[in-house]
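Here are the chains, one letter per residue:
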Amino acid sequence: MIELSGLIEIRWHGRGGQGAVTSAELLAKAAISEGKYAHAFPSFGPERRGAPVLAFVRIDSNKPIRIRAEVSEPDVVVVLDPRLIKIVNITSGLKEGGVLIINTRKSPQDVQSGLGKWMVATVDATSIAEEVLGVPITNTTMIGVLVRATGLVKLKSLFEPVRQRFGRLAERNIEAMKRAYEETQIKEPA
Amino acid sequence: MIELSGLIEIRWHGRGGQGAVTSAELLAKAAISEGKYAHAFPSFGPERRGAPVLAFVRIDSNKPIRIRAEVSEPDVVVVLDPRLIKIVNITSGLKEGGVLIINTRKSPQDVQSGLGKWMVATVDATSIAEEVLGVPITNTTMIGVLVRATGLVKLKSLFEPVRQRFGRLAERNIEAMKRAYEETQIKEPA
Amino acid sequence: MVKKVGMETSVAIGEVVKRVNADVIAAYPITPQTHIVEHLAELVAEGELDAAFIPVESEHSAMSACLGAAAVGARTFTASAGQGLELMHEVLYVASSMRLPIVMAVTNRALSAPLSVWGDHSDAMAVRDTGWIQIFTENGQEVVDNVLCAFRIGEDPRVLLPVMVHLDGFHLSHMIEPILLPEPSQVAKFLPENKYPLPLDPSRPVTMGDFGPPVIYSEAKKAQEVNLRAAKEVVLECWNEFARIFKHSYHPVECYRSEDAKVLLLAMGSFCETAMVAVDKMRGEGKAVGLLRLRLWRPFPFEEIRKAAQAAEVLIVLDRAISFGGPGGPVCSEVRSALYPLDKRPKVIGFVGGLGGRDITPDGFEAIISRGIEIAKKGSKEEFEIFGVRE
Amino acid sequence: MVKKVGMETSVAIGEVVKRVNADVIAAYPITPQTHIVEHLAELVAEGELDAAFIPVESEHSAMSACLGAAAVGARTFTASAGQGLELMHEVLYVASSMRLPIVMAVTNRALSAPLSVWGDHSDAMAVRDTGWIQIFTENGQEVVDNVLCAFRIGEDPRVLLPVMVHLDGFHLSHMIEPILLPEPSQVAKFLPENKYPLPLDPSRPVTMGDFGPPVIYSEAKKAQEVNLRAAKEVVLECWNEFARIFKHSYHPVECYRSEDAKVLLLAMGSFCETAMVAVDKMRGEGKAVGLLRLRLWRPFPFEEIRKAAQAAEVLIVLDRAISFGGPGGPVCSEVRSALYPLDKRPKVIGFVGGLGGRDITPDGFEAIISRGIEIAKKGSKEEFEIFGVRE
Amino acid sequence: MSRQAKSESELTWKELEIGGIVTEPGSASRYRTGDWRSQRPSYDFSRCIKCRLCQIYCPDGCINETDKGYFEADLYYCKGCGICATECPTTVITMVDEGEE
Amino acid sequence: MSRQAKSESELTWKELEIGGIVTEPGSASRYRTGDWRSQRPSYDFSRCIKCRLCQIYCPDGCINETDKGYFEADLYYCKGCGICATECPTTVITMVDEGEE
Amino acid sequence: MAEYIEEEYFAPGHRACIGCGEALAVRLACKALGQNIIIVNATGCMEIVSSQLPYTSWRVPWIHTLFENTAAVASGIEAALKVMRGKGRGLAQEVNVAAIAGDGGTSDIGLQALSGAMERGHDFLYLCFDNEAYMNTGIQRSSSTPFGAHTTTSPAGRKSIGQFSWKKDMPAIAAAHKIPYVATACPSYPKDLMRKVEKGLKIRGPAYLHILSVCPIGWRCATDLTIKIGRLAVQTGVFPLYEVENGKYSLNLDLPQLKPVAEYLKLQGRFRHLSDEVIKEIQQRVEEEYAKLKEKMAG
Amino acid sequence: MAEYIEEEYFAPGHRACIGCGEALAVRLACKALGQNIIIVNATGCMEIVSSQLPYTSWRVPWIHTLFENTAAVASGIEAALKVMRGKGRGLAQEVNVAAIAGDGGTSDIGLQALSGAMERGHDFLYLCFDNEAYMNTGIQRSSSTPFGAHTTTSPAGRKSIGQFSWKKDMPAIAAAHKIPYVATACPSYPKDLMRKVEKGLKIRGPAYLHILSVCPIGWRCATDLTIKIGRLAVQTGVFPLYEVENGKYSLNLDLPQLKPVAEYLKLQGRFRHLSDEVIKEIQQRVEEEYAKLKEKMAG
Ligand SMILES: Cc1ncc(C[n+]2csc(CCOP(=O)(O)OP(=O)(O)O)c2C)c(N)n1
Ligand SMILES: Cc1ncc(C[n+]2csc(CCOP(=O)(O)OP(=O)(O)O)c2C)c(N)n1
Ligand code: SF4
Ligand code: SF4
Ligand code: SF4
Ligand code: SF4
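Residues numbered from 1 in each chain as written. Chains lettered and ligands numbered in written order. Predicted model: local features only at pLDDT ≥ 70, side-chain atom pairs only at ≥ 80, totals over all residues. Heavy atoms only, no water.

Points about the overall build of chain G
Then, in step 1: Counting its regular elements, chain G contains 11 helices and 10 strands.
Then, in step 2: Scaling as 2.2 N^0.38, a compact globule of 299 residues should have a C-alpha radius of gyration of about 19 Å, and chain G matches this with 19 Å.
Then, in step 3: For chain G, the spread of C-alpha atoms along the three principal axes comes to 65 × 50 × 40 Å.
Then, in step 4: Across the 299 residues in chain G, those meeting the buried criterion constitute 72%.
Then, in step 5: Expressed as a percentage of contacts within chain G between residues at least 6 apart in sequence, the contacts between residues at least 24 apart total 68%.
Then, in step 6: Total accessible area on chain G stands at roughly 8,900 Å², and carbon and sulfur atoms take up 52% of it. (Helix = DSSP H or I, 4+ residues; strand = E, 2+ residues; numbered from the N terminus. Rg over C-alpha atoms; globule rule 2.2 N^0.38 Å. Buried < 20%, exposed > 50% of the residue type's maximum accessible area, 1.4 Å probe, protein only. Contact = heavy atoms within 4.5 Å. Areas by Shrake-Rupley, 256 points an atom, 1.4 Å probe, with all protein chains shown as cover.)

Structure representation (structure tokens):
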């Protein structure tokens with residue numbers, strides 16, 4: 001787990017329909033429920049099912065957040081779909097010492113050469129999601145990794161938002177999140 | 001015939017559908033064709049067939065006309081329909097020494113007591129129109145009286161505008177106009 | 001010389017549209033615009049004008065049909081007023097931002113509620129952001145001349161913008177008055193053929209009306225804005241050329257007896273002529289008053305207004321529209337804004353009057369001027385005053 | 001104490017509408033307004049809100065259905081944006097002049113063409129003459145609070161006017177952020193029942209929406225205008241009362257670090273918060289800059305603006321809309337107009353930026369302020385400048 | 001109520017109801033449309049069969065039943081269209097010119 | 001033409017065509033929708049009867065005839081919907097996961 | 001006619017033209033609409049002639065807002081009344097809602113609002129008073145203007161025979177919306193008209209009534225012929241009186257023998273220019289349409 | 001299929017969702033529209049995905065202006081081309097004009113413009129791509145959304161079964177305008193679709209083609225089922241393929257035995273909440289409508 005302080009900016013990479021916005025939303029809600037300042041929002045546009053999309057979260061423990069621009073220099077990047085890595089520049093603007101969180105079967109070390117200056121956390125979220133949820137939708141699962149790697153919020157702070165959002169499917173999502181939390185592999189920055 | 005000079009303002013009284021606007025229009029066109037400045041316009045509004053309506057003409061031999069307000073203090077008033085006399089105040093604002101032109105079977109003297117300060121010209125335009133045009137529409141007929149009483153334009157200046165407007169019915173309208181011109185009875189102001 | 005002929009201004013507009021050989025007229029009836037399109041319908045029915053007259057089912061569609069016609073390069077005309085102009089409000093922005101030259105005569109009319117068919121400038125002011133060129137006129141001749149100019153201005157390859165010619169409802173549209181129509185030979189000389197540079201054409205397929213993401217929308221808007229402002233030069237050029245051929249000159253701001261005037265009145269449209277009568281009278285009484293007649297409303301003539309107004313002590317602006325709860329009259333507000341940077345600048349006093357067809361007589365104008373002078377001296381409790389309302 | 005909850009602002013609006021127990025919601029979908037009405041549809045479908053949700057076939061009908069509902073005394077809500085607000089343009093005038101209280105959330109969006117679904121203030125500015133009360137907001141909480149206030153203000157028997165609450169499209173509408181919803185008990189205390197004084201009712205037949213001839217139209221318009229201006233007092237009263245109950249106060253013009261500022265920036269909407277960051281930074285560098293956040297746009301707060309701005313040397317106004325070919329930014333123009341009568345007044349420098357969803361960062365605001373100061377000193381060739389466009 | 005009793009040229013802006021609402025139902029019945037008339041119905045009730053058709057068909061709704069059960073136009077409103085005369089199955093009604101004074 | 005060759009983030013306001021008109025037909029074909037894909041069609045052409053149904057039904061119109069008369073997706077565009085696979089009457093096509101790298 | 005309703009809810013003093021068939025139709029319809037009604041009126045003749053500030057001809061609650069949105073305003077009223085009644089707010093009793101408009105306000109500029117309101121199933125009665133042109137603005141063609149008619153925007157001329165298109169079949173369009181009640185009426189048949197208004201009010205859901213209304217001004221006919229010409233429209237088959245109830249057609253006045261259309265046309269100046277050929281063409285089309293209508297009765 | 005047209009006038013690189021049936025329908029229609037065409041497109045999915053500045057998917061002249069005015073813009077183009085050709089200005093050859101829009105742009109907000117254009121008899125082909133909701137803005141109900149379907153503005157809930165109204169019958173409404181050609185199509189039947197497009201182009205006067213287009217996003221179905229679901233819509237009688245030529249109906253694919261509607265519904269998440277009762281109700285209504293349609297074929 002890495003120490004992040006002040007205003008933390010997080011960028012999600014996903015595809016239209018994969019729920020990147022939802023995970024951003026859940027994280028922000030969790031942070032807010034802990035009394036933090038936070039907000040979340042999607043990349044605004046008419047992106048269609050399948051197209052690469054972004055979502056953003058900002059969290060600050062101390063003061064209200066006044067910037068609503070898209071995050072261009074994130075502290076944390078979360079990648080929901082491993083196939084995006086070769087398509088979009090996922091580390092664009094990622095701050096030195098920042099955290100890269102990827103859904104992949106690979107270990108952090110294998111992810112790529114050149115990712116040395118960032119902490120890297122990986123998990124095979126697709127398999128977890130398929131096992132636990134029955135569908136390869138990894139947006140909730142990946143929050144578990146994020147929590148593990150950054151400690152930005154407490155895992156249990158997510159339970160209420162997840163329950164509100166998913167109703168009878170909530171418990172399974174929580175389980176997936178927990179499993180991801182457990183199975184996360186982390187490589188500290190070089 | 002009375003001497004009128006400078007800016008002459010004329011008000012027509014008719015009913016929706018009786019063609020007061022047309023006669024105002026014809027007069028203005030005739031005046032313009034004589035090189036005068038003139039304009040004509042209806043009382044603006046959604047007056048329905050049968051309702052009392054107004055139309056206005058201004059003529060000036062020397063300078064452009066800059067006022068477009070309705071005429072409230074006319075030099076000349078023309079009444080197309082004798083039944084209007086008891087309904088609307090036809091002499092409202094009529095200038096002293098002005099001219100009152102009425103379609104009526106009556107002689108000018110009989111028209112009403114109290115009209116003494118104006119020149120009064122009358123003709124039985126309804127009968128003329130019925131005889132010559134076959135319908136009791138007196139708008140063109142009454143122009144003949146106006147020309148006779150005021151000399152504002154030459155009678156023949158009206159022929160072209162009438163022809164343009166009425167096509168094959170023009171000649172009969174001209175005839176009616178001429179007859180009215182002939183049959184006009186005039187009483188000078190007291 | 002050709003003689004002026006007595007003619008209803010609405011009819012005269014139709015005659016101009018005939019003389020420029022318009023291709024498409026799409027219009028929906030509304031008082032007081034009807035006589036214009038009725039005359040056009042007749043010209044087409046009689047074969048005097050070879051144009052498509054599209055009797056659309058609403059003004060929204062009127063302007064939309066005009067968009068389509070202009071996009072294939074047709075010379076396109078329409079007319080509307082009041083509620084009609086409002087109903088096509090959304091479409092107006094598209095015409096200008098897609099750079100489609102369309103000429104529209106607007107017989108200015110008040111807006112509902114209450115429903116009024118009579119004239120004021122509410123409709124014209126409600127479209128002042130839409131990116132159209134807007135020209136105001138004061139009498140039938142000006143209407144005729146400027147409808148002709150509108151085609152030339154709008155279709156100019158440097159401009160390619162839609163143009164509104166504003167004439168006051170009834171007070172101009174329904175007037176029979178002396179009018180000199182342009183001769184065909186003059187029109188031929190004055191008005192080139194309409195050649196839209198990139199029309200819809202299967203032999204050279206273009207895509208019109210794209211979707212503009214944030215990364216490019218601002219660029220498109222700046223291009224539009226710069227283009228519209230630059231159109232002022234073309235308007236001036238057109239009016240100069242018009243003066244050469246037709247011997248009548250037009251300017252964005254017309255100054256009447258304003259030379260040494262301490263007090264200026266600024267007005268637009270048909271009231272200007274009435275106001276002249278008042279100015280003449282007051283001048284006769286030795287009062288140093290003058291009149292500014294604002295003719296080119298969009299693009300707004302900043303320099304001309306500053307030049308015309310800055311020497312005065314008091315500038316009284318009469319608006320025929322209210323921006324409710326806002327600055328009062330929009331014209332007054334924009335004039336103030338334009339004069340704001342000047343070091344020496346007149347006091348600007350705003351009046352609103354002549355709403356929904358209420359007349360203002362020469363005496364009324366005198367009263368406005370006098371009251372304006374009084375306010376300039378003593379101030380007023382109100383940001384602006386509404387003239388001639390029963391208290 | 002109740003805790004703030006993370007919630008999308010659009011959803012929060014729906015929650016407020018539920019808490020005020022609205023009777024009728026008539027709306028047509030348009031990005032970025034959709035989440036508001038979708039949430040309301042869901043609340044109605046789940047029986048959480050006992051209201052008629054009318055899924056009309058266009059925005060013109062959305063506002064028209066609202067007119068009807070308000071005329072029988074229903075508490076009425078709708079939401080729209082951009083093209084939708086444009087399509088109902090004609091109807092907006094009617095709502096205000098017939099004095100029908102309707103609350104509308106407007107998720108500000110740019111206007112076509114090119115088509116843009118993203119935020120700017122073109123749509124809000126395009127309706128500035130329509131006689132509505134218009135309130136701008138800067139974050140989700142302000143949206144929520146002001147939607148609640150809008151019902152109270154609009155339905156107040158002294159007001160009886162429709163109210164728009166403006167929230168920037170996406171930047172406010174689509175944000176999940178901390179929000180405190182009003183408690184039912186607070187709502188009960190704060191918001192009286194809607195009692196339209198003269199509703200359509202067979203037991204007391206009234207005629208609404210007459211035809212107004214020239215002899216009476218001006219009187220109707222003056223009544224409307226006076227009433228809208230007077231509404232400012234009720235707005236202030238409402239915000240005071242709001243502060244009493246909810247412990248959060250609102251003002252027509254919010255001053256941020258403007259005390260001794262020589263240079264002021266004026267902005268509206270969500271950009272205000274970003275601008276604060278820039279102001280803080282510049283203050284940190286010892287620069288005497290401050291920020292004015294204009295919140296009440298209609299009725300325009302003349303006194304408050306004058307008071308807030310007159311001591312500054314330079315006032316930089318950022319508009320997110322262009323009045324094409326006109327004064328540039330409408331806000332800048334109106335501010336200039338309002339300050340015009342002052343003897344000592346700031347230089348007012350106009351910028352347009354943030355069109356069609358283009359972001360302005362804190363650095364961008366710094367650049368605007370610096371450039372504004374430069375223009376104030378050296379002048380500019382342009383009447384206003386468009387910020388952040390690729391040259 | 002009392003407000004509407006003032007005519008359109010007297011009402012001040014302060015006297016108008018909110019939004020220009022008119023609160024007196026049917027107040028237009030003060031307006032004398034009889035002034036529009038050029039012809040007037042005249043009656044020979046001897047032929048009247050009291051079928052009421054004239055009353056039904058009058059666009060101005062101004063035909064009232066008399067004490068004797070006949071139907072007669074209220075000349076305050078009658079515009080003189082002649083429909084009643086044309087539709088009367090027993091030619092009770094003839095239209096006569098209003099005359100000059 | 002050359003204008004449109006610039007991307008949306010390069011074009012200046014002066015470079016836009018009048019009214020934002022796009023003069024290069026079909027220029028969107030520069031846009032790589034293949035990036036959207038999670039699955040990819042893979043072929044066993046031995047079963048192919050050249051009925052062309054896959055080509056007809058592809059929403060992205062990205063199936064081309066090969067030299068041998070088979071039909072194969074252009075992966076620059078193919079979004080991986082799976083329609084071709086589902087509609088192929090002889091199951092020539094199977095969708096396979098794109099995999100990570 | 002025992003069932004004649006004495007009350008006049010549309011007060012005299014209205015400013016409709018002399019002999020106006022539309023005013024008559026409104027007057028009769030109002031009798032059947034009764035007191036427990038809210039009327040929404042589109043801009044047009046009937047609105048203008050009845051509501052000049054500070055006067056009103058209406059003795060029932062009435063609202064006018066714009067030209068094109070009548071059905072939408074009615075939607076809002078209907079929905080509001082219903083939900084408020086449920087909440088114990090507003091009016092306690094069920095109140096009927098009627099929307100009225102001219103043919104222009106119905107078949108052209110107001111069609112979309114009407115279609116939307118019908119589709120959503122609002123419980124209201126829509127009355128189209130069809131005088132076959134935009135009369136309020138001075139006789140411009142609408143899509144309801146019959147073929148060949150001269151109007152100011154479909155003038156007869158060297159290159160024009162007047163209206164170029166066949167009258168839009170609004171009742172058919174309304175019926176295609178599958179609403180429970182569609183009917184035609186004409187004030188020349190007052191009993192029939194009032195019965196249909198009453199029926200339309202009683203129906204749950206949208207009802208549409210299309211009322212042919214002679215306009216002596218626009219049709220260029222004598223003011224006393226209003227009733228007669230309406231009757232001829234029906235008797236010639238130009239405007240058959242029928243009802244469509246839940247998709248089922250029924251003819252209210254079956255005419256074994258249609259009168260020649262020429263009898264109808266010749267009384268009207270707007271058709272004066274038509275040649276015998278064209279009249280024949282019209283005759284044929286009328287017969288065809290009438291036959292199709294009768295087929296639907298059967299079907 | 002010898003008649004398959006190779007040319008793609010709707011270029012790949014468009015941004016429609018994976019498996020979009022509407023994009024397929026447009027692509028196929030474009031083949032039949034050919035090169036000698038001008039296309040007018042309403043705002044909606046197809047416009048957004050095909051025309052993002054500075055790119056375009058269109059290889060034929062194409063214009064988009066607004067959401068609700070497509071048929072009116074097409075009117076202007078058609079009328080202008082015709083008159084200019086007559087004057088020897090503009091394009092020398094006759095060019096076809098097509099207007100395309102979604103179901104929202106057709107049956108709701110664009111209905112009036114369409115009705116007006118049909119009434120005026122413009123020579124153009126209107127194509128409605130019906131994906132049964134406002135998809136571009138995120139699946140809100142339109143009047144073309146079928147009964148019971150869940151959308152974001154007709155959500156299923158404790159007090160709602162989803163869409164409350166029956167699908168508006170746009171082809172019937174178009175046919176009530178008495179235009180020469182009305183037809184339905186679906187890209188699952190590509191030959192039929194293209195034939196109808198070609199026919200619609202050839203007809204003089206207005207032609208209307210209503211094309212059911214599966215939207216995997218809005219219908220909540222697998223992206224590879226687009227064709228299959230379209231086929232089921234036809235085979236269950238939910239969306240019969242037919243033509244109306246000058247008022248005469250003909251069925252293009254008569255099905256002796258309709259498949260159960262449930263087969264169609266169960267593949268789509270938007271109907272997931274429906275009870276067996278409701279499905280039965282739908283089944284019944286589908287059968288009724290189908291029977292009525294067959295009656296019209298006979299009649
Ligand atoms: C948006 C708009 N366009 C045009 C008008 C002008 N207008 C008012 S009434 C009318 C004609 C009404 O015709 P119709 O609906 O047939 O009714 P009628 O007057 O014939 O009874 C027109 C064109 C308007 N008020 N609003
Ligand atoms: C006046 C207006 N209102 C609303 C919108 C927002 N809008 C754009 S596309 C769209 C939905 C389109 O739906 P449909 O016509 O069915 O086409 P689809 O996207 O489903 O293909 C909406 C509501 C708009 N652009 N303009
Ligand atoms: S003449 Fe006409 S208005 Fe007079 S009573 Fe007879 S029907 Fe009525
Ligand atoms: S998977 Fe879909 S997009 Fe790819 S080739 Fe097959 S049908 Fe086309
Ligand atoms: S114009 Fe026709 S419909 Fe209108 S009031 Fe006059 S007669 Fe009646
Ligand atoms: S939302 Fe539906 S119709 Fe629109 S592009 Fe996606 S799949 Fe196609």
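Next comes the rest of the description.
Regarding the interface of chain D and chain C
When the parts of a complex come together, some accessible area is lost, and that lost area is often taken as the interface size.
Then, in step 1: Contacts between chain D and chain C engage 77 residues on the former and 76 residues on the latter.
Then, in step 2: Buried area between chain D and chain C, summed over both chains or domains, comes out near 6,900 Å², and the portion from carbon and sulfur atoms is 55%.
Then, in step 3: On the chain D side of the contact with chain C, Tyr217(D), Phe324(D) and Tyr340(D) bury the most area, a combined 13% of that side's loss.
Then, in step 4: If you look at where chain D meets chain C, you find 10 salt bridges.
Then, in step 5: Of the charged contacts, one joins Asp129(D) and Arg128(C) as a salt bridge, the two residues approaching to 2.5 Å between their closest N and O atoms. (Buried area = accessible area lost by both parts, 1.4 Å probe. Salt bridge = Lys/Arg side-chain N within 4 Å of Asp/Glu carboxyl O.)

Focus on the relation of the copies chain D and chain C
Then, in step 1: Between chain D and chain C, which share one sequence, the superposing operator has a rotation angle of 180 degrees and an axial displacement of 0.0 Å; the RMSD is 0.0 Å. Look at the turn and shift together and you get a two-fold axis relating the two. The rotation axis passes nearest to the C-alpha of Ser337(D) in chain D, at a distance of 2.5 Å.
Then, in step 2: Taken together, the interface assignments show that 99% of the residues at the interface of chain D recur at the interface of chain C, consistent with an identical surface on both copies. (Least-squares fit on C-alpha atoms with pLDDT ≥ 70 in both.)

Looking at the site of ligand 4
Then, in step 1: Every residue close to ligand 4 is listed here: Cys58(F), Cys62(F), Ile63(F), Ala73(F), Cys78(F), Lys79(F), Gly80(F), Cys81(F), Gly82(F), Cys84(F) and Met95(F).
Then, in step 2: Tallied by class, the residues present in the shell around ligand 4 amount to eight nonpolar, two polar and one charged. (Near = heavy atom within 4 Å. Nonpolar A, V, L, I, M, F, W, Y, C, P; charged D, E, K, R; others polar.)

Thoughts on the environment of Ser96(D)
Residues and elements named next belong to chain D.
Then, in step 1: Among the secondary structure elements, Ser 96 is positioned in helix H5 (residues 89-97).
Then, in step 2: Separated by 65 residues in the primary sequence, Ser 96 and Leu 161 have C-alpha atoms spaced 5.6 Å apart.
Then, in step 3: With sequence-adjacent residues up to four places away left out, Ser 96 is seen in contact with Thr 130, Gly 131, Trp 132, Leu 161, Pro 162 and Gln 224.

Examining the packing of aromatic side chains
Each aromatic ring pair is summarised here by two numbers: the centre-to-centre distance and the angle between the ring planes.
Then, in step 1: Summed over the entire model, instances satisfying the criterion amount to 51 aromatic pairs over all chains.
Then, in step 2: Look at Tyr28(C) and Tyr134(G): their rings are 5.1 Å apart centre to centre, the planes differ by 70 degrees, and that puts the pair in the edge-to-face class. Taken together, the residues Tyr28(C) in the loop between strand E2 (24-26) and helix H2 (34-45) and Tyr134(G) in the loop between strand E4 (125-130) and strand E5 (156-157) connect one chain to another. In this structure, Tyr28(C) and Tyr134(G) share a single accessibility class: buried.
Then, in step 3: For the ring pair Phe67(G) and Tyr134(G), a centre distance of 6.4 Å and an interplane angle of 70 degrees mean the geometry is edge-to-face. One end of the pair, Phe67(G), is in the loop between strand E2 (62-64) and helix H3 (70-86); the other, Tyr134(G), is in the loop between E4 and E5, and 67 residues separate them in sequence.
Then, in step 4: The structure contains a cluster of three or more aromatic residues connected by ring pairs, namely Phe190(C), Trp239(C), Phe242(C), Phe246(C) and Tyr250(C).
Then, in step 5: Positioned above the aromatic ring of Phe190(C), the side-chain terminus of Arg152(C) is 4.8 Å from the ring centre.
Then, in step 6: Between Arg345(D) and the ring centre of Tyr340(C), over which it is positioned, the NZ or CZ distance is 4.5 Å. (Phe/Tyr/Trp six-rings, centres within 6.5 Å; stacked < 30°, edge-to-face > 60°. Lys NZ or Arg CZ within 6 Å of the ring centre and 35° of its normal.)

Interpretation note: all reported values are geometric properties and have no functional meaning in isolation.
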